[in-house]
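Okay, here's what each chain looks like letter by letter:
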Amino acid sequence: MSQSAHEPDAVSVETEVITDDDYQQSLEQQKHLAEQDRKAREQARQILQRYDQGFTPNLIQDIRLSAFDSLTASRAIMQLLRLSLAEDEYGAVGEPRMTYTRGRNVAIAQQCGQILYQLGGLKLMDHVLTRLIPPFDQDNLNQAWQGIGTSASHYFDARHHLP
């Protein structure tokens, strides 16, 4: 009997070796992203607190929309921010987040995306995603928004779907 018959199957393992400088740079980038996320979450808390007190801020002043459309978009954005802050209970900072793809949040995120698409197209959606959504939630919201802007979205009327 050959010796290889008694040896366990070899497992192929790939390793990546990085230099100390690369590691430190990666660590600094993660710290920077975590700080951006913390600031975005604090800003979201302040926005929602003002909204809960009866003030609806215009969150997209640099996009040319009518006053009514700006408020409609701002309400959709606040729903997204509320979902993001609620997700903080489920995970620690820096962990993968399922904010917009968990349970009924998918439908809410898609509805908000449809509203934003109708009001300002992909440009408005990108603006909201990159400037208002906390960084650790951006990839997940992008996943939830896949397919928005297809022919089915043209029949959606945003003004009839917000509280």
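What counts as what
Residues numbered from 1 in each chain as written. Predicted model: local features only at pLDDT ≥ 70, side-chain atom pairs only at ≥ 80, totals over all residues. Heavy atoms only, no water. Helix = DSSP H or I, 4+ residues; strand = E, 2+ residues; numbered from the N terminus. Expected span 1.5 Å × (residues − 1). Buried < 20%, exposed > 50% of the residue type's maximum accessible area, 1.4 Å probe, protein only. Contact = heavy atoms within 4.5 Å. Axes fitted to C-alpha atoms, helices over the stretch in contact; angles between N-to-C directions. Parallel < 35°, antiparallel > 145°, perpendicular 65-115°, else oblique. Left-handed = near helix turned anticlockwise from the far one by under 90°. Nonpolar A, V, L, I, M, F, W, Y, C, P; charged D, E, K, R; others polar.

Engineer: I keep staring at helix α1 (residues 20-52) and nothing clicks. Help me out?
Structural biologist: Every α-helix carries 3.6 residues per turn, so stepping three or four residues along brings you back to the same face. Over its 33 residues, α1 extends 47 Å from the first C-alpha to the last, a length consistent with the 48 Å expected when each residue adds 1.5 Å. Those residues of α1 that sit buried are Asp 37, Ala 40, Arg 41, Ala 44, Ile 47 and Leu 48. Lining the buried residues of α1 we find α2 (67-87) and α4 (135-144). With its phi angle positive at about 105°, Gly 54 sits one or two positions after the end of α1.

Engineer: Just to check I follow, could you spell out the packing of α2 against helix α3 (residues 105-131) for this structure?
Structural biologist: A pair of packed helices can be characterised by two numbers: the angle between their axes and the separation between those axes. At a minimum axis separation of 9 Å, α2 and α3 run at an interaxial angle of 135°. Viewed along their axes, α2 and α3 adopt a mutual orientation that is oblique. Like other packed secondary-structure pairs, α2 and α3 cross with a definite hand, here left-handed. Of α3, the residues touching α2 (which contributes Asp 69, Thr 72, Ala 73, Ala 76, Ile 77, Gln 79, Leu 80 and Leu 83) are Asn 105, Ile 108, Ala 109, Cys 112, Ile 115, Leu 116, Leu 119, Leu 124 and Val 128. Of the residues that constitute the contact of α2 with α3, the class distribution is 13 nonpolar, 3 polar and 1 charged.

Engineer: Honestly, the packing of α1 against α2 in this entry has me stumped. Any pointers?
Structural biologist: Packing of α1 against α2 brings their axes to within 10 Å, and their N-to-C directions diverge by 125°. With respect to α2, the axis of α1 lies oblique. For the crossing formed where α1 meets α2, the hand is left-handed. Across from Arg 41, Ala 44, Arg 45, Ile 47, Leu 48, Tyr 51 and Asp 52 in α1, the residues of α2 making contact are Arg 75, Met 78, Leu 81, Arg 82, Ser 84 and Leu 85. Residue classes in the contact of α1 with α2 are distributed as 7 nonpolar, 1 polar and 5 charged.

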